[in-house]
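# A look at the structure
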Amino acid sequence: MNKETLITSMGTSVWVVGLLLIILGMVGIFSPDVLSLTVEAFLSALMIAGGVLYGYYVYNIHAKSFSAWLKPLVLIMGGGLLLRFPAVGISAIAVLLSFYLIADSFASFGMANERRPLPGWIWMALNGLASLVLAMLILLGWPATSALFLGVFLGISLLLDGMMLFMFGLALKKSNSM
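Here's a quick rundown of the structure. (Residues numbered from 1 in each chain as written. Predicted model: local features only at pLDDT ≥ 70, side-chain atom pairs only at ≥ 80, totals over all residues. Heavy atoms only, no water.)

## Some remarks on the pattern of salt bridges
So the rule is basically this: The salt bridge criterion pairs a side-chain nitrogen of Lys or Arg with a carboxyl oxygen of Asp or Glu, the two atoms within 4 Å.
The tally for this structure, following the rule as stated, stands at one salt bridge. Across the pair glutamate 114 and arginine 115 runs a salt bridge whose closest N-O atoms are separated by 3.4 Å.

## Brief notes about the nonpolar core
To keep things clear, this is the line we draw: Buried residues of nine kinds, namely Ala, Val, Leu, Ile, Met, Phe, Trp, Tyr and Cys, make up a nonpolar core once their side-chain atoms join them within 4.5 Å. Exposure classes here rest on a 1.4 Å probe applied to the protein chains alone. A residue is buried below 20% of its type maximum, exposed above 50%, and partly exposed in between. Labels follow the DSSP assignment, with helices taken as runs of H or I lasting at least four residues and strands as runs of E lasting at least two, numbered in each case from the N terminus. Throughout, a residue-residue contact means that at least one pair of heavy atoms, one from each residue, lies within 4.5 Å.
One finds Leu97, Leu101, Ile138, Leu150 and Phe153 to be the most contacted residues of the largest nonpolar core, which totals 14 residues. Where this core is concerned, the elements lending two or more residues are α5 (86–114), α6 (121–141) and α7 (146–177). Every residue in contact with isoleucine 138, bar those within four places of it in the chain, is listed here: Ala94, Leu97, Ser98, Leu101, Phe149 and Phe153. Membership of the second largest hydrophobic core comes to eight residues, among which are Leu118, Ala125, Met164 and Phe168.

## Details of the packing of helix α3 (residues 32–61) against helix α4 (residues 70–84)
So the rule is basically this: Between N-to-C directions, angles span 0 to 180 degrees; the directions come from axes that are lines fitted to C-alpha atoms, helices contributing only their stretch in contact. Any angle that is under 35 degrees is reported as roughly parallel, and any over 145 degrees as roughly antiparallel; angles of 65 to 115 degrees are reported as roughly perpendicular and all others as oblique. Note on convention: the crossing is left-handed when the near helix lies turned anticlockwise from the far helix by less than a right angle, right-handed when the turn is clockwise. Ten residues, namely Ala, Val, Leu, Ile, Met, Phe, Trp, Tyr, Cys and Pro, are considered nonpolar, four, namely Asp, Glu, Lys and Arg, are considered charged, and the remaining ones, Gly among them, are considered polar.
One can describe the packing of α3 onto α4 by two numbers: an axis separation of 7 Å at closest approach and a directional angle of 155°. Our classification of the angle between α3 and α4 gives roughly antiparallel. In this structure, α3 meets α4 at a crossing whose hand is left-handed. Between α3 and α4, the residues in contact are Glu40, Leu43, Ser44, Met47, Ile48, Gly50, Gly51, Val52, Tyr54, Gly55 and Val58 and Lys71, Pro72, Leu75, Ile76, Gly78, Gly79, Gly80, Leu82 and Leu83, respectively. Counted by class, the contact of α3 with α4 contains eleven nonpolar, seven polar and two charged residues.

## Digging into a nonpolar patch on the surface
Stated formally: Patches here are clusters of residues that have more than 30% relative accessible area and form no salt bridge, with a 9 Å joining cutoff for like charges and a 5 Å cutoff for nonpolar side chains (Val, Leu, Ile, Met, Phe, Trp, Tyr). Surface exposure here means Shrake-Rupley accessible area, sampled with a 1.4 Å probe, where a residue is shielded only by the protein chains that are shown.
Taken together, the side chains of Ile122, Trp123, Leu126, Leu129, Val133, Leu137, Leu140 and Met163 make up a nonpolar region of the molecular surface, amounting to roughly 710 Å² of accessible area. Note on placement: leucine 129 falls in helix α6.

By themselves, these are just geometric observations and shouldn't be taken as functional.
So this is what it looks like as structure tokens:
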């Protein structure tokens, strides 16, 4: 794909999505406890819903199989435990978030490397570096600072992803108008 085709295919959606991610990131930074509890509650709801749906399937297809009931039972119990013990759930999610941020940093470095000749590629590399630093900070403060880190760092990651996309989109738009 040549440069002009790539720039045209991205259009204004790159910087619009970036702006929306910036807004979400700011919400997380200024309300970290709310974002942490929201993420934890959403995950527990997904687990419970998944367990109920899988239980419905097992009831209709494998009702007499004990082993088939294990998966829905584990999902429902796990989701219930997350609701009952949100601090433990937030701590676990914080560790998982650090693993995500490590993977995200490598993905950003890869995207920066692929787009290196295009204007704005440096924003992707900086995003990768920031994600890696955030992951290390979460792991160093775990578990005592999990709620704060989960909310703030997820907000920062969203903010930086948004800034990266916004700046990349503006740089593409600027280079396309030249």
